[in-house]
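# Topology and contacts: notes
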Amino acid sequence: MTEDRRHILALCGGVGGAKLALGLSHVLDPGDLTIVANTGDDFEHLGFHISPDVDTVMYTLGGLANPATGWGRDGETWSFMESLRAFGGEDWFLLGDKDLATHVERSRRLHAGVPLSEITTTLCQKVGIDHIVTPMTDDTVRTIIDTPHGPLAFQHYFVRDKCEPVVTGFQIQGAPTASPSAPFQKALGHAALSAIILCPSNPFVSIDPILSLDGVRGALNKTDVPVIAVSPIVGGQAIKGPAAKMMAELGLEVTSRSVAQHYASFLDGIVIHTDDAAEEQSLRTVCPHVLVTNTIMKTLDDKKRLADDVLAFAETI
Ligand code: FO1
C-alpha cells in the first residue's frame, strides 16, 4: 500500500489515548488520519455540556493541554472556580477559566441545534488542528459504573469519588441505538482504510463505549484491515487511570492478555511494553500478532516513535 492510499482510524479515550493520537498526528498527513474520541464520559454540569475526552484530544493536538494533568488547559487560572466555591456551588469537578470558554461555547452551539461533531470540527480548526478529530457520536451515550452500592454516573465515580468504589460492571446507556458520527462513519467506510488502532485507553470505559455504538463492533469483526490495540497495561499496572483496579475488581488478571481477550473477536495485533516481553508467547494464543516495544510516552519523540512502530507493525499484518 502506498503512503498516499492509506487512512488510519484511531479510537481513543482521554489522556493516554490522546498521547498516541498526538504521535499519529505528527507522522500522518491530515487527510490520512481520523481520531475518534469517546463521549461516554460526557455529562451536563452547571448547565454546560462537558465533553472531557474530546477536549483532552483537542487540547493535546492543539498544544494547549496541561502537561501535569493531561486534561484541562495549560497556564489555567481558577477565578471562576474560586468564586463558585465562595457561593457554595458544586466544586468537585474543576473547570478552569480558559477551559470554561470551551464549555460555554460548545453548549451555546448545541442549544442552537449544531451537532457535537460539527462543533468539534469548528473548535479544533480554531485551535489549529488540521487532522480529523470527532466525537464517537452526536447522540447521547452515558457510561454508568455499577458498584455494590448502586450505579454511579461516570464523572461521579471518576472525579467526585476518585475511582474508589468497587466496580461490578458497566452500562453504556444509549449506545446500541446511537449512530457513529459522520466523520467516524466516513473513516469506517474509507476506501483506503488500512488500519484501526485502539489507543492505550481504558478498554471498559474509553474504548467499549465506542465499540458499543450501533454497527461499530460488527464493522470491526468484519473488516479486512488490521485492528491493533496498544495495551494500557504495563507491568501489572495501568499506565494511567483505573483500568488495572477495574480489571482486578472484575476478577480479571491484570495483564495485556486480558486486554487482548477483551477484544478477542476482532483483534489482529497487540502492542505491549518491553517490560512485559515474557508475556509474548501466552499472548499469541489469544492474538496472532504481538509487537514488543516501548509504549511509555513521556516526550513528543516517544509519541512519534510509538506511532511509527504501530503503523509499521500494521503493515506487517
Ligand atoms: N479529572 C479529574 O481528575 N478532576 C477534575 O476535576 C477534572 C476536571 C475536568 C474538567 C474538564 C475536562 O475536560 C476534564 C476534566 N477531568 C478531571 C478529566 C476527566 O474527567 C477524565 O480524565 C476523563 O473523563 C477520563 O478520560
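Everything in this summary refers to the structure shown in the same document. Predicted model only: the values in this text are computed from it and were never measured.

For the rest of this paragraph, the subject is the environment of H111. The residue H111 is located in helix 4 (residues 97-111) in this model. Sequence-wise, H111 and H49 are 62 residues apart; in three dimensions their C-alpha atoms are separated by 9.8 Å.

Relative to the helices and strands, V227 resides in strand 10 (residues 227-230). Taking C-alpha positions, V227 is 18 Å from G16, a pair spaced 211 residues apart along the chain. With near-sequence residues (within four places) excluded, V227 lies in contact with I196, L198, L220, F266, L267, D268 and G269.

The next thing to look at is the side chain of K303. With respect to the element layout, K303 can be found in helix 13 (residues 300-315). Summary of buried charges: K303 has no salt-bridge partner, and the nearest side chain of opposite charge, D302, is 6.6 Å away. A distance of 3.4 Å separates a polar side-chain atom of K303 from the backbone oxygen of K298.

With that settled, the discussion passes to helix 2 (residues 52-61). Given 3.6 residues per helical turn, the α-helix brings residues three or four places apart onto the same face. With respect to burial, helix 2 is a largely interior element, ten of its ten residues being buried. Among the residues of helix 2, those classed as buried are P52, D53, V54, D55, T56, V57, M58, Y59, T60 and L61. Positioned one or two residues after helix 2, G63 has a phi angle of 70 degrees, which is positive.

Across all of its chains, the model carries six aromatic pairs by this definition. An angle of 45 degrees between the planes, with centres 6.1 Å apart, marks the rings of F43 and W92 as tilted. In this pair, F43 is assigned in strand 3 (residues 43-45) and W92 in the loop between helix 3 (79-86) and helix 4, connecting sequence segments 49 residues apart. The residues F43 and W92 share a single accessibility class, namely buried. Relative to F204, the ring of F170 lies with its centre 5.3 Å away and its plane at 10 degrees, an arrangement referred to as stacked. Of the two residues, F170 is situated in strand 8 (residues 169-173) and F204 in helix 8 (residues 203-211); the sequence distance between them amounts to 34 residues. On the accessibility criterion, F170 (24% relative accessible area) is partly exposed. On the accessibility criterion, F204 (5% relative accessible area) is buried. Through a chain of ring-to-ring contacts, the aromatic side chains of F43, W92 and F93 assemble into a single cluster.

The strand order 7-6-8 describes an open sheet built from three strands, whose pairing is antiparallel. The open sheet is flanked by strand 7 (150-153) and strand 8, the only strands paired with a single partner. Neighbouring strand axes in the sheet, compared pairwise and without regard to direction, differ in orientation by 30 degrees on average. Docked against the sheet, helix 8 engages strand 6 (142-147) and strand 8, running at close to 30 degrees with respect to strand 8.

With 15 residues, helix 4 ought to run about 21 Å at 1.5 Å a step, and its terminal C-alpha atoms sit 21 Å apart, in line with that. Those residues of helix 4 not exposed but buried are D99, L100, T102, H103, R106 and S107. The arc that holds the buried residues of helix 4, viewed along the axis, is 150 degrees, so those residues lie on one side. Buried residues along helix 4 sit against strand 4 (48-50), helix 2, helix 3 and helix 5 (116-126). Note on helix 4: the residue one or two positions beyond its end, G113, has a positive phi of about 95 degrees.

The next point concerns the nonpolar core. Core analysis: the biggest nonpolar cluster contains 47 residues, and L11, I196, L198, Y263 and I270 have the highest contact counts within it. For this core, the element with the highest residue contribution is helix 8, accounting for five residues. Apart from residues no more than four positions distant in its own chain, L198 is found in contact with L11, I207, L220, V227, I228, A229, V230, Y263 and F266. Among the nonpolar cores identified, the runner-up in size contains 35 residues, and A18, A21, A307 and V310 belong to it.

Another aspect to go through is the site of the ligand. Not every one of the 14 residues close to the ligand is listed here, only the nearest: D41, D53, F93, L94 and Q155. Here a nitrogen atom of the ligand sits 3.3 Å away from a polar atom, N or O, in the side chain of W71. Q155 places a side-chain nitrogen or oxygen 2.9 Å from an oxygen atom of the ligand. For the ligand, whose accessible area on its own is 530 Å², the fraction buried by protein is 89%. Elements that contribute at least two residues to the shell around the ligand include exactly helix 2 and helix 6 (154-160). The element best represented in the shell around the ligand is helix 6, accounting for four residues. Of the residues assigned to the shell around the ligand, the class counts are nine nonpolar, two polar and three charged.

How each quantity is defined
Residues numbered from 1 in each chain as written. Predicted model: local features only at pLDDT ≥ 70, side-chain atom pairs only at ≥ 80, totals over all residues. Heavy atoms only, no water. Helix = DSSP H or I, 4+ residues; strand = E, 2+ residues; numbered from the N terminus. Contact = heavy atoms within 4.5 Å. Buried < 20%, exposed > 50% of the residue type's maximum accessible area, 1.4 Å probe, protein only. Lys, Arg positive; Asp, Glu negative; His and termini not counted. Salt bridge = Lys/Arg side-chain N within 4 Å of Asp/Glu carboxyl O. Polar contact = N/O pair within 3.5 Å; in protein donor to acceptor, adjacent residues only side chain to side chain. Phe/Tyr/Trp six-rings, centres within 6.5 Å; stacked < 30°, edge-to-face > 60°. Pairing = 2+ DSSP bridges. Axes fitted to C-alpha atoms, helices over the stretch in contact; angles between N-to-C directions. Expected span 1.5 Å × (residues − 1). Arc of directions from axis to C-beta. Core = buried A, V, L, I, M, F, W, Y, C linked by side-chain atoms within 4.5 Å. Near = heavy atom within 4 Å. Areas by Shrake-Rupley, 256 points an atom, 1.4 Å probe, with all protein chains shown as cover. Nonpolar A, V, L, I, M, F, W, Y, C, P; charged D, E, K, R; others polar.

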